[in-house]
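# Examination of the molecular architecture
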Amino acid sequence: MPLGIQQVLFAWLAAIVLHMDAFAVGIAQVALMAPSILFLPLGGLVADRGDARRLLLRYHLLYAVPPLVLIGVLSMGGLSYPLLIAYGLAAGSIGAFAVPTRDALLPMVAGPNLPRAVALATALQFIGQLLGIAAASEADRIGAVPLLIAQSALVAAGAIAVWRLPKPSPHPPVVHPSFWRSIGDGIAEAARSEQMWPVLLLNFGVGVFYVGPFMAVLPIVVRDVYHGGAAEIAYINLAFWAGTIVAAFAFAGLARRLSLRGRLVVSAVSVGAVILGLMALQPPFLAFNALCFIWGLGAGITLTQGRTILQIVAPPTHRARVMALFQLGLGGGGPIGAFIAGSLAAVLGLKLAMVLPAIAMTVLIGAVLVFSRIWSMRTVE
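Bear in mind that the values here come from a model prediction, so they are computed numbers and not experimental data. Position numbers for residues start from 1 in each chain and track the written sequence from start to end. Selection of residues for local features in this predicted model requires a pLDDT of at least 70, selection of side-chain atom pairs for listing and counting requires 80 or more, and totals for whole chains, interfaces and linings are taken over all residues. Side-chain metrics rest on all non-hydrogen atoms present in the structure, leaving aside hydrogens and water.

## Topic: the domain arrangement of the protein
Throughout, the edges of the domains are those of an automatic or database domain assignment. With domains assigned, the protein is organised as domain 1 (1-170) and domain 2 (177-380). For domain 1 and domain 2, the distance between their C-alpha centroids amounts to 19 Å. Computed with a 1.4 Å rolling probe, the buried area is the accessible surface lost when two parts are put together, summed over both parts. In total, about 4600 Å² of surface goes out of reach between domain 1 and domain 2, with carbon and sulfur atoms giving 76% of it. When a carboxyl oxygen of Asp or Glu lies within 4 Å of a side-chain nitrogen of Lys or Arg, that pair is called a salt bridge. Scanning the region where domain 1 abuts domain 2 turns up zero salt bridges. Polar contacts, as used here, are pairs of N or O atoms within 3.5 Å; protein pairs need one atom able to donate a hydrogen and one able to accept it. Residues neighboring in sequence count only if both atoms are side-chain atoms. At the boundary of domain 1 and domain 2, one finds five residue pairs in polar contact (both at pLDDT 80 or more). Comment: elements are numbered from the N terminus, with helices defined as DSSP H or I runs of at least four residues and strands as E runs of at least two. Broken down by secondary-structure element, the contributors of at least two residues to the side of domain 1 that touches domain 2 are helix 1 (2-17), helix 2 (22-33), helix 3 (35-49), helix 6 (81-109), helix 7 (114-136) and helix 8 (139-142). Counted by class, the side of domain 1 that touches domain 2 contains 38 nonpolar, eleven polar and seven charged residues. Under this grouping Gly is polar, as are all residues other than the nonpolar Ala, Val, Leu, Ile, Met, Phe, Trp, Tyr, Cys and Pro and the charged Asp, Glu, Lys and Arg.

Put into structure tokens, the structure is as follows:
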């Protein structure tokens, strides 16, 4: 829920309240996502070596602090673009440690059906995000402060759920290599696997060519093409994540019947390129939301099936680092894509800022199909 609030509120503060252009909104989104590039691998390594439950508890409590600081800034009327950038860097850094830690804990509590647990966890995550987006849609009416209070309180309350998780088994005593060698070991483990590297590469493409335009260009499209505000930004987010939830729940029921998961991932990301191209036509706002919903269906398939492949294939000793690489595709590719998409929008216009990433993603999909066995590979628990 706090992530959903932040997703809309951050874009609203940058695009609507501060009225920044597409390039500046893209840079702000880079600040929110860029820490992933540095800290996701470190977060995965720390989780592989330490007590993931205790670490996640601390991350929840830390994550409650940045919204409180922003409340103080807003109450003094001191909101500025540099302060928004600072908030993005702080929140993004803490989140980069929390995500691989949470993913590492999932197999410990999943029970005998890991694919179903992955799908359900994904669906529930996005239901919470959807509720947060719905709440943030009222930002034009109630302002940012009540939403930031809710964001901070909810993420702190999440610490209670983490505290109730079973304590993970202690790691066997081993001599750990250096930090960089450990990070490289995780990357090498993924690169050696003919099942993991295609999924990770496509996921990075999703971060660059889909997440970037979604974060940097779509809020400007809402403002300049559809003349909307916080509510309209929330509507496109609601449509997208509603599609993600529908797909995640559908695949929770089908989890153990599937084996050609790579084929599903390729199909979903291919549909995403078509949808992004259709969005560039700037259809009526209702149709634009319908496209966001279909795009979300594809995202739900990609996230659940991609995560399932990696959770099944990755060895327990490297799982958090591999899952950090998966998240890095979104969190690390996202700021790169946001910078590129924002720059394209400023120089070439909003339409080409959506068409060119769609073309680039199509080329990447073709390369993965040619150089890997992702279309025919089978992944079962």
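## Focus on the environment of V109
Tracing the backbone shows V109 in helix 6. Ignoring anything within four residues of it in the chain, the contact list for V109 reads L165 and P166. Whether two residues touch is decided by their heavy atoms; if any such pair falls within 4.5 Å, the residues are in contact.

## Thoughts on the packing of aromatic side chains
Planes of paired rings set the category: under 30 degrees apart is stacked, over 60 is edge-to-face and the rest tilted, where pairs are Phe, Tyr or Trp rings (Trp by its six-membered ring) whose centres lie within 6.5 Å. According to the stated counting rule, one finds eleven aromatic pairs in the structure shown. Taking 5.8 Å as the distance between ring centres and 50 degrees as the angle between the ring planes, the aromatic pair formed by Y59 and F97 counts as tilted. Placement of Y59 in helix 4 (residues 52-63) and of F97 in helix 6 is noted, with a sequence separation of 38 residues between them. Across the pair, F97 and Y59 agree in class, each one buried. Consider the rings of F240 and W241, whose centres lie 4.7 Å apart with planes at 90 degrees: the pair is edge-to-face. Throughout this description, buried means an accessible area under 20% of the type-specific maximum (1.4 Å probe, protein chains only), exposed means over 50%, and partly exposed covers the range between.

## Quick notes on the side chain of N203
Locating N203 in the fold gives a position in helix 11 (residues 196-216). For N203, a relative accessible area of 3% puts it in the buried group. Not counting residues up to four positions away in its chain, the partners in contact with N203 are F326, G329 and L330.

## Some details on the pattern of salt bridges
Throughout the structure, instances matching the rule amount to four salt bridges. For R373, the salt bridge is made with E194, and the minimal N-O distance between the two is 2.3 Å. You can see R373 sitting in the segment after helix 18 (350-371) and its partner E194 sitting in the loop between helix 10 (179-192) and helix 11, a full 179 residues away along the chain. Ionic pairing is found between D224 and R223, a salt bridge with its closest N-O pair at 2.8 Å. On the basis of relative accessible area, D224 is assigned to the partly exposed category, the value being 41%. The exposure class assigned to R223 is buried, which follows from its relative accessible area of 14%.

## Some words on the side chain of H318
Relative to the elements of secondary structure, H318 occurs in the loop between helix 15 (285-313) and helix 16 (319-331). With near-sequence residues (within four places) excluded, H318 lies in contact with D48, D185, G186 and E189.

## Quick word on the environment of V145
Position of V145 among the secondary structure elements: in helix 9 (residues 144-163). Taking the C-alpha atoms as reference points, V145 and A248, separated by 103 residues in sequence, lie 32 Å from one another. Excluding residues within four positions of it along the chain, V145 makes contact with I71 and L74.

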